Amino acid sequence: QVQLVESGGGLVQPGGSLRLSCAASGFTFSDYAMSWYRQAPGKERELVAAISSGGSSTNYADSVKGRFTISRDNAKNTAYLQMNSLKPEDTAIYYCYGKSRWGTDAYWGQGTQVTVSS
């Protein structure tokens, strides 16, 4: 069955780094654009970063530009989010999202908690 499994979240001090991973199975990963979203308590889910199916195109929320990097390894069916210079306002549950190139199917992961605190 289709699965997106996030990992790599945790507690980190301000200024620190984390690398999130999203392992995909049950579908043709290379046919899917991948994104990372986050949702903080009391706030709506927001797009953090996205990458095209082939990896040639990326985009980022203004709040994370220059600090976060999205990437993917289609041979490993895995997407990544490298997060540097973390701030307390980056605290949220981070979700992986995959959408097919044709827009016909889309999947969410279960989320991983990221907490930035001293």
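None of the values given here were measured: they were computed from a predicted structure.

Enquirer: Could you clarify how one ought to interpret the sheet that holds strand 1 (residues 3-7) in this entry?
Expert: Sheet strands pair via backbone hydrogen bonds, and the direction of the pair is either parallel or antiparallel. Reading across the sheet, the 4 strands line up as 1-3-8-7 and stay open at both edges, with antiparallel pairing between neighbours. Taken across any chain shown, the strands that pair with only one partner, and hence form the sheet edges, are strand 1 and strand 7 (68-73). In this sheet, adjacent strand axes meet at a mean angle of 15° when their direction is disregarded. One ladder, built from 5 bridges, connects strand 1 with strand 3 (residues 18-25); its direction is antiparallel. The partner of Glu 6 across the bridge, within strand 3, is Cys 22.

Enquirer: What exactly am I supposed to notice about the environment of Arg 101 here?
Expert: The residue Arg 101 is located in the loop between strand 9 (92-100) and strand 10 (106-108) in this model. For Arg 101 and Gln 1, which are 100 residues apart along the polypeptide, the C-alpha to C-alpha distance reads 19 Å. Apart from residues lying up to four places away in sequence, Arg 101 is in contact with Asp 31 and Ser 53.

Enquirer: Honestly, the packing of aromatic side chains in this entry has me stumped. Any pointers?
Expert: Two descriptors summarise a pair of aromatic rings, namely the distance from one centre to the other and the angle between the planes of the rings. Counted under the stated rule, the structure contains 7 aromatic pairs. Both rings, one in Phe 27 and one in Tyr 32, keep their centres 4.5 Å apart while their planes meet at 55°; by these two values the pair is tilted. Under the relative-accessibility criterion, Phe 27 is labelled buried at 14%. Residue classification places Tyr 32 among the buried residues on the basis of a relative accessible area of 6%. For the ring pair Tyr 97 and Trp 108, a centre distance of 4.5 Å and an interplane angle of 45° mean the geometry is tilted. Note that Tyr 97 is positioned in strand 9 and Trp 108 in strand 10, a separation of 11 residues in sequence. Looking at Trp 108, the relative accessible area reads 40%, which means it is partly exposed. The rings of Tyr 37, Tyr 95, Tyr 97 and Trp 108 are connected pair by pair, giving a single aromatic cluster. The ring of Tyr 80 is capped by Arg 19, whose NZ or CZ atom sits 4.0 Å from the centre of that ring.

Enquirer: Can you walk me through the pattern of salt bridges in this structure?
Expert: A side chain of one charge can pair with a side chain of the opposite charge when the charged atoms of the two come close. All chains considered together, the criterion is met by 5 salt bridges. With a closest N to O distance of 3.1 Å, Asp 62 and Lys 65 form a salt bridge. For Asp 62, a relative accessible area of 64% gives the class exposed. In this structure, a network of salt bridges that share partners links the residues Arg 38, Glu 46, Arg 67 and Asp 90.

Thresholds applied
- Chains are numbered independently. Their residues run from 1 in the order of the written sequence.
- Reporting of local features is limited, given that this is a predicted model, to residues whose pLDDT is at least 70; pairs of side-chain atoms are given and counted only at 80 or more, and all residues count toward the totals for whole chains, interfaces and linings.
- Water and hydrogen atoms were dropped before computing side-chain values, which therefore reflect all heavy atoms in the structure.
- Only strands joined by at least two bridges in the DSSP assignment are considered to pair.
- A run of H or I in DSSP becomes a helix once it reaches four residues, and a run of E becomes a strand once it reaches two; helices and strands are each numbered from the N terminus.
- The convention used is that axes are lines fitted to C-alpha atoms, helices contributing only their stretch in contact, and that angles between N-to-C directions extend from 0 to 180 degrees.
- Contacts are residue-level and defined by heavy atoms, with any inter-residue pair within 4.5 Å sufficient.
- Working definition: a ring pair exists when centres of Phe, Tyr or Trp rings (six-membered ring for Trp) sit within 6.5 Å. Plane angles under 30 degrees give stacked, over 60 give edge-to-face, the rest tilted.
- Each residue gets one of three labels from its accessible area relative to the maximum for its type: buried under 20%, exposed over 50%, partly exposed in between, using a 1.4 Å probe on protein chains only.
- Consider the ring centre and the ring normal. A charge sits over the ring if Lys NZ or Arg CZ is within 6 Å of that centre and within 35 degrees of that normal.
- By definition, a salt bridge exists where a carboxyl oxygen of Asp or Glu is found within 4 Å of a side-chain nitrogen of Lys or Arg.

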